[in-house]
Number of protein chains: 2
Amino acid sequence: MAKNFEELLSKLSACEKKTLSVACAHDVAVLEAVNEAHKMGIVDAILVGKEDKIREIAGQIGMNPDDFTIIDEQDDAQAPLTAVKLVHDGKADMYMKGILPTKNFLKSVLNKEVGLRTGKPLSHVAVFEIPGIDRLVFASDVAFIPYPSLEDKKAIIAYDVDVAKACGVENPKVAPLAAVEVVNPKMQATVDADELRKANEAGEIRDCVVDGPLSLDIALYPAAAKEKGAEDRPAAGKADVLLFPDIHAGNICYKAMVHMVPGLKNGCLLVGTAAPVILTSRSDSKETKIYSIALAALLAEHMRKVNG
Amino acid sequence: MAKNFEELLSKLSACEKKTLSVACAHDVAVLEAVNEAHKMGIVDAILVGKEDKIREIAGQIGMNPDDFTIIDEQDDAQAPLTAVKLVHDGKADMYMKGILPTKNFLKSVLNKEVGLRTGKPLSHVAVFEIPGIDRLVFASDVAFIPYPSLEDKKAIIAYDVDVAKACGVENPKVAPLAAVEVVNPKMQATVDADELRKANEAGEIRDCVVDGPLSLDIALYPAAAKEKGAEDRPAAGKADVLLFPDIHAGNICYKAMVHMVPGLKNGCLLVGTAAPVILTSRSDSKETKIYSIALAALLAEHMRKVNG
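All values derive from a computational prediction rather than experimental measurement.

Novice: Pulling in residues and values, what's your account of the interface of chain A and chain B?
Specialist: Interfaces are often described in size by the accessible area the parts lose on coming together. Listed by partner, the interface residues are 35 residues for chain A and 35 residues for chain B. Of the roughly 2,900 Å² buried between chain A and chain B on both sides combined, carbon and sulfur atoms contribute 74%. Considering only the side of chain A, the residues that lose the most area to chain B are His248, Ile252 and Met260 of chain A, jointly responsible for 24% of the buried surface there. Inspection of the region where chain A meets chain B yields two salt bridges. Taken together, the links from chain A to chain B amount to eight residue pairs in polar contact (both at pLDDT 80 or more). Of all elements in the fold, only helix H7 (188-201), helix H8 (216-220), helix H9 (222-227) and helix H10 (247-260) of chain A reach the threshold of two or more residues within the side of chain A that touches chain B. Ranked by residues supplied to the side of chain A that touches chain B, first place goes to H10 of chain A with 11 residues.

Novice: Lay out the packing of aromatic side chains in plain terms, naming residues and giving numbers.
Specialist: For any pair of aromatic rings, the description rests on two quantities: the centre-to-centre distance and the angle between the ring planes. All names here are of chain B. Evaluated as defined, the whole model comprises six aromatic pairs over all chains. Arranged with centres 4.3 Å apart and planes meeting at 15 degrees, the rings of Phe5 and Tyr291 form a pair that is stacked. Of this pair, Phe5 sits in helix H1 (residues 5-12) while Tyr291 is found in helix H11 (residues 286-307), placing the two residues 286 residues apart along the sequence. With respect to class, Phe5 is no different from Tyr291; both count as buried.

Novice: Mind laying out the side chain of Asp217 of chain A, listing which residues take part and the relevant values?
Specialist: Here Asp217 of chain A is to be found in helix H8. Judged by its relative accessible area of 3%, Asp217 of chain A falls in the buried class.

Novice: Outline the pairing of strand E10 (residues 265-271) of chain A, listing residues and values.
Specialist: Residues and elements named next belong to chain A. Within E10, six of the seven residues are buried, leaving the element largely enclosed by the surrounding structure. Direction of pairing for strand E5 (residues 123-129) relative to E10: antiparallel, over a ladder of seven bridges. Residue pairing for E10: Glu129 is matched across the bridge by Lys265.

Novice: Report on the relation of the copies chain A and chain B, specifying residues and quantitative values.
Specialist: By a simple turn and slide, chain A fits onto chain B: the slide is 0.0 Å along the axis, the RMSD is 0.0 Å, and the turn is 180 degrees. These values place the two chain copies in the arrangement generated by a two-fold rotation axis. Minimal C-alpha distance to the rotation axis in chain A is attained by Ala249 of chain A, lying at 1.8 Å. Taken together, the interface assignments show that 100% of the residues at the interface of chain A recur at the interface of chain B, consistent with an identical surface on both copies.

Rules of the game
- Residues numbered from 1 in each chain as written.
- Chains lettered and ligands numbered in written order.
- Predicted model: local features only at pLDDT ≥ 70, side-chain atom pairs only at ≥ 80, totals over all residues.
- Heavy atoms only, no water.
- Contact = heavy atoms within 4.5 Å.
- Buried area = accessible area lost by both parts, 1.4 Å probe.
- Salt bridge = Lys/Arg side-chain N within 4 Å of Asp/Glu carboxyl O.
- Polar contact = N/O pair within 3.5 Å; in protein donor to acceptor, adjacent residues only side chain to side chain.
- Helix = DSSP H or I, 4+ residues; strand = E, 2+ residues; numbered from the N terminus.
- Phe/Tyr/Trp six-rings, centres within 6.5 Å; stacked < 30°, edge-to-face > 60°.
- Buried < 20%, exposed > 50% of the residue type's maximum accessible area, 1.4 Å probe, protein only.
- Pairing = 2+ DSSP bridges.
- Least-squares fit on C-alpha atoms with pLDDT ≥ 70 in both.

See the structure below:
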């Protein structure tokens, strides 16, 4: 079990090296991250985009373009289709967004012929290394599904459990979060949390322990759990997965953590796809992009093992 | 304008000293905070509760019981009624919870004869001093109204604006938060945020500038606002007030901030009452209790001026 991103990176050295396909790779920030991930031995990469620009940027950032396969594609509309098809066809293991509008990138992901559709909802898994917490924390959905239904929440939990397992966390403890730790019929988030707990008990949600509703402090901090008499609950003080009640709760909390917590490290993945997808934003640091690539590689390895 | 709690405390020295009435004051943590607030010159206090226990605790914590008025009330059910009546009758300026169940404390607040009912909804204002942010940030509602209606949100904004003004912030910038900074008909939080903005423009929500929807990073951080091209929006990078879309978003973000951000300071108030009410929880630090008392004293002064 990887307790932090450093352990996660070293875990990767035991896996067969994965290949990343980058759509519209002609971007300084993206190439810096991909180049560093390559130097760390995490990935090989196929760079799809404007070759002249890619080579120009390579010169600027001290990257050797010959370390990578470059596919020249001057058309920014065609590049994502070319890049995602490489993953679709098994020539690359995961797919990453370069410099193109998110909307266009997602269109390529969902393309019926060359994309990575599965029929399942797209969602987002954020992975945090939080100072003072001795394990990685997986959290969803801070970016994709606005108001997840109970069925959406089951799918989201399954995604997080997959990513947690890919990182070596067996039988992760899942905390559906709410403002309170007791079921209140007037608060749908707590009712859903209880339904998810029951579905887990009934064997419908597998490979994890679901314990909700929990407030964030009880889920993450043993002292808070004890203070509120909740220390005997299965996920109290030791939750691996945080399920937010909706996108607003998730996104606001995510933004607070990323901006306010010194030393916090994070990476993220787009999930619900046939292969791992990396959709970092321009504001994400190079480290966040590298951690996201690492998570994608581990998830690709996990999917390879599961799917045989 | 108080930029942090230290300035807020010094601002208090210019006000007439306020009197705090404490229900079931026989509690170590509560008496430590009240005693320290008194020593700092912030408040006088009337301690309602078990006098023998209060004196015993005073001996333990080096508090001089003669610095306070003690009203002996051995009955924990009667104590809050006695304590709240002092505020109701104008013999004290604000009301604080000691060691009794929150439910019983709230019953006394809402008591029709001796309580502090106003007919307006009860809500909660959290005030944060966040490292790296050069002003106090007011945030609601992380504790009371589960799923605020548009009308509730208007009331909540008015409460926060009152507390901000009490702290010297004129015409505060209010950010109704959401996962995104654009209106999306499929996300009620963004629709509400836009309605609030319009109600502010129309003069229905006063003494502030409402600018929503905003994501948390854009609301608080100028660099994030600039990166997303939102730097010209009135509250971008300089929001004073954060309105959470619901209690879950608020509470989860609040818990993350309090537990994860080193050096963060906070205080809070129960609002919607005829006088300021302090309802801190057992897990709050002594500093948080003192800051909450200070906020209550400033709000009491503000209400005195406004109500004449």
